[in-house]
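Commentary on secondary and tertiary structure
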Amino acid sequence: MMQRPPFRPEEYSLKETRPHLGGHAAGDKLTSTYDLVGQMQYLYVRVVKAKELPNMDLTGSCDPYVEVKLGNYKGATRFFEKNNHPEWNQVFAFSKERIQASAVEIVVKDKDLIKDDFIGRVSFDLNEVPKRVPPDSPLAPQWYRLEDRNGHKVKGELMLAVWMGTQADEAFPEAWHSDAASVFGDGLATIKSKVYLTPKLWYLRVNVIEAQDLIPNDKTRFPEVYVKAMLGNQVLRTRVSPARTLNPMWNEDLMFVAAEPFEEHLILSVEDRVAPGKDEVVGRTVISLQHVPRRLDHRLLTSQWYNLEKHVMIDGEQKKETKFSSRIHLRICLEGGYHVLDESTHYSSDLRPTAKPLWKPSIGILELGILTAQGLLPMKTKDGRGTTDAYCVAKYGQKWVRTRTIIDSFTPKWNEQYTWEVYDPCTVITIGVFDNCHLNGGDKANGARDIRIGKVRIRLSTLETDRVYTHSYPLIVLTPAGVKKMGEVQLAVRFTCSSLLNMMHLYSQPLLPKMHYVHPLSVMQVDNLRRQATNIVSTRLGRAEPPLRKEIVEYMLDVDSHMWSMRKSKANFFRIMGVLSPLISVAKWFDQICHWRNPLTTILIHVLFVILVLYPELILPTIFLYLFLIGVWYYRWRPRQPPHMDTRLSHAETAHPDELDEEFDTFPTSRQPDIVRMRYDRLRSVAGRIQTVVGDLATQGERLQSLLSWRDPRATALFVVFCFIAAIVLYVTPFRVVVFLAGLYVLRHPRFRHKMPSVPLNFFRRLPARTDSML
């Protein structure tokens, strides 16, 4: 068995960097609009059109295209058949870092079967090329007369613009890049940077009330009817109507996710369960979502009757029956007051309701500079050697961005900057790095999937406002062989707040829109609707050009985050222990006080206790003052870095190989029966321990209830008598005296203590619980 490499925590830690951003060192006061990335210089050549090109073929025609050459790099436009006045309007970008020539040459050629003919050329000395810095207007193209190889003027003119610029140029996203000179055809579309928008999602509520005058196929029996509703690939059913009549009632809500533009229709069919596993359609209706009313709150909308259509088979063809008077009573609406959850609630990037009129004003701007990556591992093999074609995807709110793909590089430099409006600081931006597997065939690459390299999440509320954070984040993935570092990605992040007062006010507001609390959805509904929403988002983004593929969208949205995993269960258990550890520490400290381990501390606690008993009005101020002092004390050790993926917290580095294999197993399982049996037995043992703990908690609660329930008449009688005596004593005795005596009893010296459990504890443990009644 292969030995796992030793775990080195520093390898997985966050590193602060000081890159030069926009020509300044990180942390300097930056003023330019493209200031979170390093400037990259490019030579741009815009080939617009040509005119009066000479005829080159024997047929008296010309099939022109343009070739732009700079040293070893060569880019070409598409060619036009038999066109002496072609128009291309294509831009070529050459990275200044890789320029090894002093001149750029633009050559017009005639496409031929054997060898392309030279028509003419235009060349520019790079020292003479003008510089352009946005927001300057784009450089106006000019007509240039073509020359032959010797520099003599020939027939034909070419319209061009040549300039030096940066990646902030408007032409940059659509330009042909010299870095991608090896990519052709369909693959070119997959390497460009793009911005995508999540489709606008709505919850569709269908309240199925009743049906009237149903005509079942078998009239000798009363029908067992239910309603089946379909929207796209979402299918929901009501329960079978309890009343077996021709006028059944359900009054049941069905919830769907719908996306604008509404392409699918809602199809409702009333079906009769004639036998187990056999259902017959009694009638159906099709409803267009375009005309469905939208509501912003929980006010009741008017219901409507819809006619049911019946389809009968005549000579093998489905035909609509005309004389058919069955109806169905429905209340349908698109819910604008909810936020449609399409990502894990722990990492939500958007919490606004669907309906725009309910949006509150934005509270700030989030700016992200995707700079570089270092130490990426080879993701695939090409020509016998390892290679990686990396790109980044960032998702916040409804806006997804995708950087350009850097071809064949383990240290890619993107230097792209993006901006989002922020409506709530308690949200998370997710940045993923992927390897592009669609360069040599676009979508036709036989089922190829882009490989995940790693992911970074940054919670905005953990960032100080107006500060530029520049860090190198480890890219960590969990594989069946264990945790693996795939490299590092360098990001620059800035959260700018437009109104501090508005942002502080948000901390007093509920996280989700009002409808989630006034008319809440069940946990099961939320899970099902989230699954449908992620399916819709991945399908719609997969239909964009170039597509943002399903595997990328699902990884960014954490689709598998709710799947069972032994590793995650252990990690969450230790998280709970971590949360409880301060309470356990306080309990141990108090126990030491009570047992006089340190007499001086115990005497000081006695003095404090006596002061608080004599002056009880000081108790609350003392508690808040103590919390204030702790908060001020901890300010010195406040985190100076954003959070990052923690392998130790995730228990990734200590996970057993079989636990990892179980985590990466498909659902339903694809493993051998004996392995599944072993895992099932292990799951039962873990679940048994959890069941015991939950049962113990329930037992303590039931014992509290049985104090007054007369379940144990003697115990309840004792407790009632004790309560009566305690009430009389507390009425006649000052409360301070009671508290003082109780405190002295708790803090008594060890010589007055014995190791046997106390009387109240013995009494409580003897109380009955409902475990006796369980099978």
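Small disclaimer: the values here were computed from a predicted structure and weren't measured.

Attention now moves to empty space enclosed by the protein. For the structure shown, the criterion picks out three cavities of 30 Å³ or more. Estimated volume of the largest cavity: approximately 190 Å³. Leu-201, His-339, Val-340, Asp-350 and Gln-398 are the residues nearest the centre of the largest cavity, which is lined by 16 residues in total. Its residues assigned to classes, the lining of the largest cavity comprises five nonpolar, five polar and six charged. One number sums up the size of the second largest cavity: a volume of about 110 Å³. Ala-175, His-177, Ala-180, Ile-191 and Arg-404 are the residues nearest the centre of the second largest cavity, which is lined by 13 residues in total. Split into classes, the residues belonging to the lining of the second largest cavity amount to seven nonpolar, three polar and three charged.

Below, the discussion takes up the sheet that holds strand E34 (residues 482–497). Each strand in a sheet pairs with its neighbour through backbone hydrogen bonds, running either in the same direction (parallel) or in the opposite one (antiparallel). Reading across from one edge, E1-E33-E34-E25-E30 is the order of the five strands in this open sheet, with antiparallel pairing throughout. The open sheet is flanked by strand E1 (15–16) and strand E30 (413–422), the only strands paired with a single partner. Pairing analysis gives two bridges linking E1 to strand E33 (residues 468–479), with the strands arranged antiparallel. Paired with Glu-16 across the bridge in E33 is His-471.

With that out of the way, let us pick up the environment of Glu-545. Within the element layout of this structure, Glu-545 appears in the loop between helix H3 (523–542) and helix H4 (550–556). The spacing of Glu-545 and Thr-190 is 355 residues in sequence and 8.2 Å in space, taken between C-alpha atoms. With near-sequence residues (within four places) excluded, Glu-545 lies in contact with Ala-189 and Lys-194.

For strand E28 (residues 390–396), the buried fraction is high: seven of the seven residues fall into the buried class. Here E28 shows a buried face lined by Ala-390, Cys-392, Ala-394 and Tyr-396 and a second buried face lined by Tyr-391, Val-393 and Lys-395. Inspection of the sheet shows E28 paired to strand E31 (residues 428–435) by six bridges, in the antiparallel sense. Across the sheet, Ala-390 pairs through a bridge with Asp-435, a residue of E31. As paired elements, E28 and strand E29 (residues 399–402) share four bridges and run antiparallel to each other. By the bridge assignment, Lys-395 is partnered in E29 with Trp-400. From the end of E28 to the start of E29, which pair antiparallel, there are two residues, and Gly-397 there has a positive phi angle of about 65°.

Here is what the cut-offs are and how they apply
Residues numbered from 1 in each chain as written. Predicted model: local features only at pLDDT ≥ 70, side-chain atom pairs only at ≥ 80, totals over all residues. Heavy atoms only, no water. 1 Å grid on protein atoms, 1.4 Å probe; cavity = no way out; pocket = protein on both sides within 12 Å on 5 of 7 lines; lining within 4 Å. Points joined across faces, edges and corners; volume = space filled by probe spheres on them. Nonpolar A, V, L, I, M, F, W, Y, C, P; charged D, E, K, R; others polar. Pairing = 2+ DSSP bridges. Helix = DSSP H or I, 4+ residues; strand = E, 2+ residues; numbered from the N terminus. Contact = heavy atoms within 4.5 Å. Buried < 20%, exposed > 50% of the residue type's maximum accessible area, 1.4 Å probe, protein only.

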